[in-house]
Amino acid sequence: MTTTAPTALGAPTAPGAGRPAQRKRRPGRTLLRSAPLLPAIVLLAVFLLGPVVSSLYGSLTDSSLSGASASNAEFVGLDNYTSLFSDPDFPKSVLLTLVFLVASALIGQNALGLGLAVLMQSSHKPVRVIVSTIVVTAWVLPEIVASFAAYAFFNDGGTLNTMLTGLGIPGVNWLYVFPMLCVILANIWRGTAFSMLVYTAALNDVPPEITEAAEVDGARGWQRFTLVTVPMIRRSISTNLMLTTLQTLSVFALIFVMTGGGPGTDSTTLPLLAYQEAFRFGELGFGTAIATILLLVGAVFGVLYIRALKPEVD
Amino acid sequence: MVKTTAAERALVGPETSTRSITTADAKREFSMAAPRGRAMRWFSSIVLVVIGIVFLLPLVWLVLASLDASASLSVKWPEAPSFNNFLTVLTPETSLIPLTNSFILSAGCAVVTVLAAILAAYPLSRYSMRINKPFLYGVLFGTCLPITAMMVPVYALFVAFNLIDNMVGTILFLAATSLPMAIWMMKNFMDSVPISLEEAAWTDGASAMRTLRAIVVPLMRPGIAVVFIFVFIQTWGNFFIPFVLLLSPEKLPAAVSIFSFFGQYGSVAYGQLAAFSLLYSVPVLALYVLVTRLGGGSFALAGAVKG
């Protein structure tokens, strides 16, 4: 969630209290003043930085959950990565992850979220309140419950097929025939609320005078939207694209419950592949190599995200 | 000013109608003009209702199945609605112990996170130190880490430290994962607490920690509650972290035990699964409503400096 609203209150972000320290900088005082940071730093260093560093190192060893290499793992260099790239499951999994990201996060959640936000602006209030409550409920529900609900919906004997039969259309076993489509739609269902909330807030910040001016100048509805509104909320769009991508990159329970990565490996995205390699097949080094790659992808997005939010820190 | 007749709007829609400019009753017409035209309003509402129904269907199954003794995976009206499914799962082994564990994990994580975040936010918000910028960038970066991707190395680390199946270890890890976002939120809330009150206290000789406890924390109580609830909801719903780090059935939170319930009885007892899911979901839905109510609270803080 982007909680940048409080800074917009015009409150002092760099209050005057820092000034005396700048005049005569004493190392003891700075140390004393930064002491409250310590608990947070320790927690972050041990439990976030620790795994990241050990992930980088662990991916270069042959450690496993059982057997001889469980107790004394040996340094094997880039072996895990070379075997990773020669394993047919890995490129397939990368492709599935990309499809999942693009279809459910970049296109699905963002387009639907923006669409909903726009429609909400021009709809009747009761409709707006009820529909946004429904959409947000799917998002607030614990992920495992949402996963069950989506599983039941797409199951062979589920709601979707019951409805199709009612319409006289023969249903198929969606989770087996179109596993990726099911998890993509389920992730859109579950995640759209976030984008909708972000875009609703962004659209509310667009001054109505500007769109009205464009209207007076003769811009039609679609033109007003693409040439005026979208550029005005550009920053929200780029931030939201990154946040939804990162959230979707770490979707696990949804796919795990709905398809278990199957049938075969037909919906095994990278988080599921890392889990299977490490915990089902005991290939800890292999799983760690996948985890490292995912962390690097996350890091790239993280850097882009930080650059977008730079003004908030400075 | 733009004027379209009602007939034009109804016929061709607000977007494509040709417009003539008049001065008469322009004010009244302006608010009715194209983007918020009546036809547009109905169009939007109808599309929204359709999307809303699609989004509602999976949720309806949860509710109807939980009331149905012979529930299937499809939405159907229960023949004899009853709360028997709830009564069946409301036993210590099935739901009460897991829900208690969920509470211990979530509350423990939220307490640790909020304490660490308040302490960290204070110097970040009040002093301009050289460490601020790198620390805030680091925190922002931490919010981007795909935690799911990290679970394999985290598991290896927990094995090395002998922390597997340890509630405290799991709580600390959960706290570390929610800390970046919590620090970021907490600093923003603290920035909006006016500093002038503290300056008065400093002049009277109060220490920084005393000022934090006696002035800042009471003033930003709504903000702290928001962060606490936010972390609580996230941890309550987390499946993967306890799934990997905890093993003993008596320590598993509801998220994980509901999944094993699904594996054991899921193919027959859909009604019970739905009932258990609802019992487990209600607390976070209630907390979410509470947090949206609290959301506006922080804006009232600005008033504290006057009077």
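As annotated in an unreviewed UniProt entry, chain A carries the name Sugar ABC transporter permease and is attributed to Labedella populi. The UniProt entry for chain A carries this comment under Sequence similarities (unreviewed entry): "Belongs to the binding-protein-dependent transport system permease family."

Once that is clear, we can look at the overall build of chain B. For chain B, the helix and strand inventory stands at 14 helices and zero strands. Along the chain direction, N to C, the helices and strands of chain B fall in the order α-α-α-α-α-α-α-α-α-α-α-α-α-α. For chain B, with 307 residues in total, the buried portion stands at 53%. In chain B, the share of contacts with a sequence separation of at least 24, taken over all contacts with a separation of at least 6, comes to 70%. Summed over its atoms, the accessible surface of chain B is roughly 13400 Å², and 69% of this surface lies on carbon and sulfur atoms.

With that settled, consider unusual backbone geometry. Residue and element names in this part refer to chain B. Phi at Asn162 is positive, roughly 60°, even though this residue is not glycine. Within the element layout of this structure, Asn162 appears in the loop between α7 (147-160) and α8 (167-191). Residue classification places Asn162 among the exposed positions, given a relative accessible area of 67%. One non-glycine residue with positive phi stands out, namely Asp165, at about 65°.

For the coordinates displayed, the defined rule picks out four salt bridges over all chains. Of the charged contacts in the structure, one is a salt bridge between Asp266(A) and Lys92(A), with a shortest N-O distance of 2.8 Å. Highlighted residues: Asp266(A) in the loop between α15 (253-258) and α16 (270-280) and Lys92(A) in helix α6 (residues 89-121), separated in sequence by 174 residues. Across the salt bridge formed by Asp191(B) and Lys187(B), the nearest N and O atoms sit 2.8 Å from each other. Remark: Lys187(B) and Asp191(B) occur in helix α8; sequence separation between them is four residues, near one turn of the helix. As far as the burial class goes, Asp191(B) and Lys187(B) line up, both buried.

A word on the nonpolar core. Membership of the largest hydrophobic core comes to 156 residues, with the highest contact counts inside it found for Ile144(A), Met258(A) and Phe239(B). With 15 residues, the single largest contributor to this core is α8(B). With 17 residues, the next largest nonpolar core counts Leu249(A), Ala278(A), Ala289(A) and Ala149(B) among its residues.

So, about the side chain of Arg126(B). Residues and elements named next belong to chain B. Looking at where Arg126 falls in the secondary structure, it is placed in helix α5 (residues 92-126). What makes Arg126 buried here is its relative accessible area of 0%. A polar contact is formed between the side chain of Arg126 and the backbone oxygen of Met190, at a distance of 3.2 Å.

The next thing to look at is the packing of helix α6 (residues 132-142) of chain B against α8(B). Residues and elements named next belong to chain B. Here α6 crosses α8 at 125°, and the two axes come no closer than 8 Å. When the axes of α6 and α8 are compared, the pair comes out oblique. α8 is crossed by α6, and the crossing has left-handed handedness. Here Phe135, Leu136, Val139, Leu140 and Gly142 of α6 come into contact with α8, specifically with Pro180, Ile183, Trp184 and Lys187. Among the residues forming the contact of α6 with α8, the class breakdown is seven nonpolar, one polar and one charged.

The rules behind each value
What you see as residue numbers is a count from 1 along each chain, following the sequence as written. Note on labels: chains are lettered from A, ligands numbered from 1, in written order. Only residues with pLDDT of at least 70 get local features here, since the model is predicted, and only at 80 or more are side-chain atom pairs given and counted; chain-wide, interface and lining totals rely on the full set of residues. Only hydrogens and water are set aside; all other atoms, that is, all heavy atoms of the structure, feed into the side-chain values. UniProt positions are given in the numbering used here, feature names are shortened, and annotations may be inferred rather than shown by experiment. By the criteria applied, helices consist of DSSP H or I runs no shorter than four residues and strands consist of E runs no shorter than two, each listed in order from the N terminus. For the exposure calls, accessible area comes from a 1.4 Å probe over protein chains only, and a residue counts as buried if that area is under 20% of its type's maximum, exposed if over 50%, partly exposed in between. In what follows, residue pairs with any heavy atoms lying within 4.5 Å of each other are defined as contacts. Shrake-Rupley sampling with a 1.4 Å probe provides the accessible areas, and residues are treated as covered by the protein chains on show and by no other component. For this analysis, a salt bridge means a side-chain nitrogen from Lys or Arg found within 4 Å of a carboxyl oxygen belonging to Asp or Glu. We define a nonpolar core as any set of buried Ala, Val, Leu, Ile, Met, Phe, Trp, Tyr and Cys residues linked to one another through side-chain atoms lying within 4.5 Å. Polar contact criterion, stated in full: a pair of N or O atoms within 3.5 Å, where within protein one must be able to donate a hydrogen and the other to accept it, and residues adjacent in sequence count only if both atoms are side-chain atoms. Orientation is described by axes fitted as lines to C-alpha atoms, over the contacting stretch for helices, and by angles from 0 to 180 degrees between their N-to-C directions. Roughly parallel refers to an angle under 35 degrees, roughly antiparallel to one over 145, roughly perpendicular to one between 65 and 115, and oblique to any angle outside these ranges. The sense of a crossing depends on the near helix, which, turned anticlockwise from the far helix by less than a right angle, makes the crossing left-handed and, turned clockwise, makes it right-handed. Residues are grouped as follows: Ala, Val, Leu, Ile, Met, Phe, Trp, Tyr, Cys and Pro are nonpolar; Asp, Glu, Lys and Arg are charged; all remaining types, including Gly, are polar.

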